[in-house]
Amino acid sequence: MGHAELKSIHVHPVKACRGTAHSEAAVEPWGLAGDRRWMLIDDGGKVVTQRQQPRLALAAAEPLPGGGVRLTAPGMDPLTVPVPGSAGTMPVELFRDKVEAVLAEDDAAHVWYSTYLGLRARLVYMADPGSCRPVDPEYALPGETVSFADGYPLLLTTTASLDALNSLIAQGDHAHEGPLPMNRFRPNVVVSGTAAWAEDDWSRISIGEVTFRAAKKCGRCVVTTTDQTTAERGREPLLTLGRHRRLGGRLLFGQNLVPLSTGTIRVGDPVAVLG
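Residues numbered from 1 in each chain as written. Predicted model: local features only at pLDDT ≥ 70, side-chain atom pairs only at ≥ 80, totals over all residues. Heavy atoms only, no water.

Colleague: Tell me about the overall build of the protein, and name the residues and values.
Modeller: When helices and strands are tallied, the protein shows three helices and 20 strands. For 275 residues, the compact-globule estimate of 2.2 N^0.38 gives 19 Å, and the C-alpha radius of gyration of the protein, at 18 Å, lies within 12% of that figure. Principal-axis analysis of the C-alpha atoms gives the protein an extent of 50 × 40 × 35 Å. Taking all 275 residues of the protein together, the buried fraction comes to 53%. The long-range fraction of contacts in the protein, counting pairs at least 24 apart against all pairs at least 6 apart in sequence, stands at 70%. Carbon and sulfur atoms provide 51% of the accessible area of the protein, an area that totals close to 11,700 Å². Side chains of the protein carry 28 positive and 30 negative charges; the gap between the two charge centres is 5 Å. (Helix = DSSP H or I, 4+ residues; strand = E, 2+ residues; numbered from the N terminus. Rg over C-alpha atoms; globule rule 2.2 N^0.38 Å. Buried < 20%, exposed > 50% of the residue type's maximum accessible area, 1.4 Å probe, protein only. Contact = heavy atoms within 4.5 Å. Areas by Shrake-Rupley, 256 points an atom, 1.4 Å probe, with all protein chains shown as cover. Lys, Arg positive; Asp, Glu negative; His and termini not counted. Charge placed at Lys NZ, Arg CZ, Asp CG, Glu CD.)

Colleague: Any chance you could break down the environment of Pro84 for me, citing the residues and the numbers?
Modeller: By the element assignment, Pro84 lies in the loop between strand E9 (76-81) and strand E10 (90-94). Look at Pro84 and you get buried, because its relative accessible area is 9%. For Pro84, the contacting residues outside a window of four places in its chain are Trp38, Val102, Leu103, Glu105 and Tyr125.

Colleague: Summarise the sheet that holds strand E19 (residues 263-266); cite the residues concerned and give the values.
Modeller: Reading across from one edge, E4-E3-E19 is the order of the three strands in this open sheet, with antiparallel pairing throughout. Two strands close off the open sheet at either side, each with one partner strand: strand E4 (31-32) and E19. Sheet topology places strand E3 (residues 24-28) next to E4; two bridges connect them, and they run antiparallel. Bridge assignment links Val27 to a residue of E4, and that residue is Leu32. (Pairing = 2+ DSSP bridges.)

Colleague: How would you explain the layout of surface pockets if you had to name every residue and give the values?
Modeller: Here the largest pocket is characterised by a volume of approximately 910 Å³. If you go around the largest pocket, you meet 37 residues; those closest to its centre are Arg51, Phe95, Ala149, Asp150 and Gly151. When contributions to the lining of the largest pocket are tallied by element, the ones reaching two or more residues are strand E13 (154-158), strand E16 (210-219) and strand E18 (250-259). Take the lining of the largest pocket: its biggest share by element is four residues, from E16. For the lining of the largest pocket, the residue count by class is 15 nonpolar, seven polar and 15 charged. In terms of lining residues, the second largest pocket is bounded by 20 residues, among which His10, Met182, Asn183, Arg186 and Pro187 are the most central. Listing elements by their share of the lining of the second largest pocket, those giving two or more residues are strand E1 (5-11), strand E2 (20-22) and helix H2 (159-170). (1 Å grid on protein atoms, 1.4 Å probe; cavity = no way out; pocket = protein on both sides within 12 Å on 5 of 7 lines; lining within 4 Å. Points joined across faces, edges and corners; volume = space filled by probe spheres on them. Nonpolar A, V, L, I, M, F, W, Y, C, P; charged D, E, K, R; others polar.)

Colleague: Can you lay out H2 for me, pointing to particular residues and giving the numbers?
Modeller: Counted at 1.5 Å a residue, the expected span for H2 with its twelve residues is 16 Å, and the 16 Å between its end C-alpha atoms agrees. For H2, the complete set of buried residues consists of Thr159, Ala160, Ser161, Leu162, Leu165, Asn166 and Ile169. On the buried face of H2, the contacting elements are E1, E13, strand E14 (189-192), helix H3 (238-244) and E18. (Expected span 1.5 Å × (residues − 1).)

Set out below in structure tokens:
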């Protein structure tokens, strides 16, 4: 596959909010250090994401040393939120999963998001990702866990597949919506130097010193139709994925990874297919 390498690394400290690009990141068993350890819930304790609230795309969360976050959003004063102390956990709902989480201690965080979204929201933290939430048992090995990510520790995409998808979008009825940037897909790691769709067939890869298992091709949702810089929604890429990348009821783009080892990955690291 030529010289595949790690092109970029992205960490999203608060699930569904804008993340940050990094030149390197520590890989923990449940994902990149600091990725999706925070999450928003509604009054009923259910997750709030861009599916219901596309304006979360404009709310940025920067990781701070020690696991806290600095929040910024249009029209809002910046707010720093520290990791909660040893307060008790509460059950929250993340899609089909019941997960134990800790409320942010400072009410200011809940007020900040509630004010921004115009609905009652609370910010919660996953204190112990090592035991809190197992990976989907249909695709997991025993003991594999995940943060508040949709289902798997890391999401990988490739620049070649995005180029191929954009070529298909350009031939379709909504060509004016393209080309789409990679942030529509909210990946953790972006790889360059592969063939288009090569990642579909991977089972094990290495990025630098860290090895990963490719667990399942990623089925995409309405969030991909949300412009991450304006929060406006269109029809693409789901229209084109539906025509060209449908498997059963799923529209595929990207590959879900589970770390088989830990270590640090860096932009420019070689990517090798091991199986």
